[in-house]
Amino acid sequence: MNKPTVRKALLYESVRGGLVKCLLCERRCLIPEESAGFCGTRVNMGGTLYTVVYGDISALSVNPIEKGCLRRGSPLENPYTTSIQVQEL
Ligand code: SF4
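The structure presented is a predicted model; accordingly, all values stated were derived computationally and were not measured.

Novice: Hey, could you run me through the site of the ligand in this one?
Specialist: Taken together, C22, L24, C25, R27, R28, C29, G37, F38, C39, T41 and R42 make up the full set of residues near the ligand. In terms of residue class, the shell around the ligand is made up of six nonpolar, two polar and three charged.

Here it is in structure tokens:
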């Protein structure tokens, strides 16, 4: 798969019979080949686990300035907030 949001995952281990165990969150999904984990963002392709949302925007929101920890801004401003999916550490 040659998409910019698909990257090989780091936190997983191979189990028997082509299964992989995702270690990214506490759910610890056992994922058969050509299937996705519970969250739908991790896919077992040929015994290797891939994330399919790398770099995707995962949230867009406008929040009150008081909610953020910005160095500059006034109480009347509403900063636009984005977040993206990044590779696990
Ligand atoms: S596949 Fe998704 S839900 Fe399952 S352990 Fe990995 S990150 Fe958690």
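Moving on from the coordinates now.
Novice: Can you help me understand the nonpolar core in this one?
Specialist: Soluble globular proteins tend to bury their nonpolar side chains together. Within the largest apolar cluster, nine residues are counted, these being A9, Y12, V20, C22, C29, I31, V43, L49 and Y50. Of all the secondary structure elements, the ones that give two or more residues to this core are strand 3 (20-22) and strand 6 (48-51). Beyond its immediate chain neighbours, meaning those up to four positions away, C22 contacts L11, Y12, R28, C29, I31, G37, R42 and L49.

Novice: For this particular structure, what's the right way to read the pairing of strand 8 (residues 80-84)?
Specialist: On any regular strand, side chains alternate: one points to one face of the sheet, the next to the other face. Little of strand 8 sits inside the fold, with zero of its five residues counted as buried. The sheet contact formed by strand 7 (residues 57-62) and strand 8 spans five bridges and is antiparallel. From the neighbouring strand, V62 faces strand 8, where its bridge partner is Y80.

Novice: What exactly am I supposed to notice about the sheet that holds strand 2 (residues 12-14) here?
Specialist: Strand pairing within a sheet occurs via backbone hydrogen bonds; the two strands may be parallel or antiparallel. An order of 2-3-4 is seen for the three strands of this open sheet, with the pairing classed as antiparallel. A single partner strand is all that each edge strand has here, and the edge strands are strand 2 and strand 4 (30-31).

Novice: How do you make sense of the sheet that holds strand 5 (residues 42-45) when you look at a structure like this?
Specialist: Across the sheet, three strands lie side by side as 1-6-5; this open sheet has antiparallel pairing. Both outer strands of the open sheet, strand 1 (7-8) and strand 5, are each paired with one neighbouring strand and no more. Two elements, strand 5 and strand 6, share four bridges in a ladder whose sense is antiparallel. By the bridge assignment for strand 6, N44 is matched with L49.

Novice: Help me out: how do you make sense of unusual backbone geometry in this one?
Specialist: Of all residues except glycine, most have a negative phi; of all peptide bonds, most are trans. Located in the positive-phi region is R28, a residue other than glycine, with phi close to 50°. With respect to the helices, strands and loops of the structure, R28 is situated in the loop between strand 3 and strand 4. One non-glycine residue, E34, adopts positive backbone phi at about 60°. Relative to the helices and strands, E34 resides in the loop between strand 4 and strand 5. On the basis of neighbour counts, which here come to 10 C-beta atoms within 10 Å, the residue E34 falls in the exposed class.

Novice: What should I look at first to understand the environment of R42 in this one?
Specialist: The topology assignment puts R42 in strand 5. Classification of R42 as buried rests on a count of 23 C-beta atoms within 10 Å. For the pair R42 and V53, spaced eleven residues apart in sequence, the C-alpha to C-alpha distance is 8.3 Å. The contacts of R42, once residues within four sequence positions are left out, are A9, C22, L24, I31, A36, G37, L49 and T51.

Here is what the cut-offs are and how they apply
- Residues numbered from 1 in each chain as written.
- Predicted model: local features only at pLDDT ≥ 70, side-chain atom pairs only at ≥ 80, totals over all residues.
- Near = placed C-beta within 6 Å.
- Nonpolar A, V, L, I, M, F, W, Y, C, P; charged D, E, K, R; others polar.
- Core = buried A, V, L, I, M, F, W, Y, C linked by C-beta atoms within 7 Å.
- Buried ≥ 20, exposed ≤ 12 C-beta atoms within 10 Å, placed from the backbone.
- Helix = DSSP H or I, 4+ residues; strand = E, 2+ residues; numbered from the N terminus.
- Contact = placed C-beta atoms within 7 Å.
- Pairing = 2+ DSSP bridges.

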